Amino acid sequence: QYVKTDFILAAIDAVNSAILSHEADIEGLDRDIGDGDHYINIKRGCAAAAAMRPELENLTPDAALQKIGMKLLSSIGGASGPLVASFFLEMAKAIKLKQPVSLADHAELFATGVAGIQHRGKAQVGEKTMMDVLIPVSALFTQLASTHAEIDADILNAIKAEAEKGMLATRDMLATKGRAAGLGERAIGHIDPGAKSCQVMIHAVCDMLLG
Ligand code: ADP
Ligand code: MG
Ligand code: MG
């Protein structure tokens, strides 16, 4: 069990179709507390990554992740482009140094990607961003991986629930990073669009693994 390029490509396809089926909610959220482009930004990135399949298929995972990251950097734009890109670029670096074998290794790899986003965006939990989904999900994955040898339905369902909880928690937060930070109290009552899109992506990959 280790990350193979096939898995990365399948996950991208799953994320791509999940994002397409959540256009209305994701777009509406960025219209409420942003500039309305988050859905378009993410959709463009997903489409660009999915279209890379032929050139990625025969690459090693680290090379594939690196190429995807560079493509996302140039195709997504907005605040979220460099953030999402660094998830892939940091994992590319890490996987080159250490091929993940155990479930704990995979959790560590995911955490490295999340740390890459946090290093770039500097947001903590509670600032009404995608980090409110990614940080708790990564922490839970690390915890579960320390007590389980293999990924199973219980782990995947727990991760899905954690992503949902983190996404919903952004509703009552004040934004202190990103575009919504300028809205003050007006942002309260609205879910963060980046938290929503991350939750959709995490659910898509979990559902793919649940089969
Ligand atoms: P823009 O705000 O430039 O239009 P997007 O609409 O694509 O970019 O992305 C907005 C999302 O980016 C927000 O909903 C939030 O989740 C995320 N975001 C913004 N700033 C940060 C940050 N510093 N750290 C983490 N995520 C952030
Ligand atoms: Mg926006
Ligand atoms: Mg924008």
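- Under an unreviewed UniProt entry, the name given to the protein is Dihydroxyacetone kinase, L subunit, and the source organism is Methylovorus glucosotrophus.

**Quick word on the UniProt feature "domain: DhaL" (unreviewed entry) in the protein**
And step 1. The positions that UniProt labels "domain: DhaL" (unreviewed entry) are, in the present scheme, residues 6–207.
And step 2. From the first C-alpha to the last, residues 6–207 spans 16 Å; its make-up is 71% helix and 0% strand.

**Let's talk about the environment of Ala107**
And step 1. By the element assignment, Ala107 lies in helix H7 (residues 103–121).
And step 2. A count of 23 C-beta atoms within 10 Å places Ala107 in the buried class.
And step 3. Along the chain, Ala107 and Asp35 lie 72 residues apart, while their C-alpha atoms are 33 Å from each other.

**So, the site of ligand 1**
And step 1. In the neighbourhood of ligand 1, 23 residues make up the surrounding shell, with His38, Gly78, Gly121, Gly178 and Gly194 lying closest.
And step 2. A per-class count over the shell around ligand 1 returns seven nonpolar, nine polar and seven charged.

**Some points on the environment of Thr147**
And step 1. With respect to the helices and strands, the residue Thr147 is situated in the loop between helix H8 (131–145) and helix H9 (153–169).
And step 2. Sequence separation between Thr147 and Pro82 is 65 residues, and the spatial gap between their C-alpha atoms is 33 Å.

**What about helix H2 (residues 23–33)?**
And step 1. Looking only at H2, the buried set comprises Ile26, Leu29, Asp30 and Ile33. Taken end-on, H2 shows its buried residues confined to a sector of 90 degrees, consistent with a single buried face.
And step 2. Packing partners of the buried residues in H2 comprise helix H3 (38–51) and helix H10 (193–210).

**A short note on unusual backbone geometry**
And step 1. Positive phi outside glycine occurs at Lys122, with the angle close to 60 degrees.
And step 2. With respect to the element layout, Lys122 can be found in the loop between H7 and H8.
And step 3. With 11 C-beta atoms packed within 10 Å, Lys122 lands in the exposed category.

Thresholds, definitions, all that
Residues numbered from 1 in each chain as written. Chains lettered and ligands numbered in written order. Predicted model: local features only at pLDDT ≥ 70, side-chain atom pairs only at ≥ 80, totals over all residues. UniProt positions renumbered as here; feature names shortened; annotations may be inferred. Helix = DSSP H or I, 4+ residues; strand = E, 2+ residues; numbered from the N terminus. Buried ≥ 20, exposed ≤ 12 C-beta atoms within 10 Å, placed from the backbone. Near = placed C-beta within 6 Å. Nonpolar A, V, L, I, M, F, W, Y, C, P; charged D, E, K, R; others polar. Arc of directions from axis to C-beta. Contact = placed C-beta atoms within 7 Å.

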